[in-house]
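One letter stands for each residue in the lines below.
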Amino acid sequence: MSLITISTASINYTSGTTDCQCSIETVVLSVGLTYVGTSVSLQSSDLPPDWTDEQLCVAVAAALGVPVEDVSVAVYTPPAPPEPTPEPTPVEGV
């Protein structure tokens, strides 16, 4: 399980950076397990413009000073399609 999850990463062509939004898993004594949001801006020298998820994780780990094993990319799971509405059962004698 990773401690840091990258939820979005977008290339900012104007500034030449890749800007990432991440959530960091942490434990707060009075609350328990919670997540803290942070942003990371990677320079083009840190990450090529045609990066892969693996390269993105390595660059974010280096920027945050954590082991690469602690970083992952969020996986979008689409919601399940709604269940079909059953046809009403006719009542005899009505």
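Predicted model, so just to flag it, every value in this text is computed and none were measured.

Q: Help me understand the overall build of the protein chain, please; the structure alone is not making it clear to me.
A: For the protein chain, the helix and strand inventory stands at 1 helix and 4 strands. N-terminal to C-terminal, the α/β element order of the protein chain is β-β-β-α-β. Each principal axis of the C-alpha atoms in the protein chain carries an extent, and together these give about 80 × 40 × 20 Å. Counting all 94 residues of the protein chain, 20% fall into the buried class.

Q: Explain helix 1 (residues 53–64) to me, please; I cannot follow it from the model alone.
A: Structurally, the α-helix is built with 3.6 residues per turn, so residues lying three or four positions apart point the same way. Over its 12 residues, helix 1 extends 16 Å from the first C-alpha to the last, a length consistent with the 16 Å expected when each residue adds 1.5 Å. Of the positions making up helix 1, those classed as buried are Leu 56, Cys 57, Ala 59, Val 60 and Ala 61.

Q: Please clarify how the side chain of Thr 17 should be interpreted in this entry.
A: Tracing the backbone shows Thr 17 in strand 2 (residues 17–28). Exposure remark for Thr 17: the relative accessible area of 6% places this residue in the buried category. In this structure the side chain of Thr 17 is engaged in a polar contact, spanning 3.1 Å, whose partner is the side chain of Asp 19. Sequence-distant contacts of Thr 17, that is, excluding residues within four places in its chain, are made with Ser 10, Ile 11, Asn 12, Ser 41, Leu 42 and Gln 43.

Q: What is the right way to read the sheet that holds strand 4 (residues 71–73) from this model?
A: Hydrogen bonds between backbone groups are what pair the strands of a sheet, and the pairing can be parallel or antiparallel. Ordered in space as 3-2-1-4, the 4 strands form an open sheet in which the pairing is mixed. In this open sheet, the two edge strands, each paired with only one partner strand, are strand 3 (32–43) and strand 4. Going across the sheet, the axis of each strand differs from the next one's by a mean of 35°, ignoring polarity.

Q: Help me out: how do you make sense of the environment of Tyr 35 in this one?
A: Positionally, Tyr 35 belongs in strand 3. Separated by 30 residues in sequence, Tyr 35 and Thr 5 have C-alpha atoms that sit 9.9 Å apart. For Tyr 35, the contacting residues outside a window of four places in its chain are Ser 23, Ile 24 and Glu 25.

Rules behind the numbers
Residues numbered from 1 in each chain as written. Predicted model: local features only at pLDDT ≥ 70, side-chain atom pairs only at ≥ 80, totals over all residues. Heavy atoms only, no water. Helix = DSSP H or I, 4+ residues; strand = E, 2+ residues; numbered from the N terminus. Buried < 20%, exposed > 50% of the residue type's maximum accessible area, 1.4 Å probe, protein only. Expected span 1.5 Å × (residues − 1). Polar contact = N/O pair within 3.5 Å; in protein donor to acceptor, adjacent residues only side chain to side chain. Contact = heavy atoms within 4.5 Å. Pairing = 2+ DSSP bridges. Axes fitted to C-alpha atoms, helices over the stretch in contact; angles between N-to-C directions.

From the geometry alone we can't say anything about function, so treat these as descriptive.
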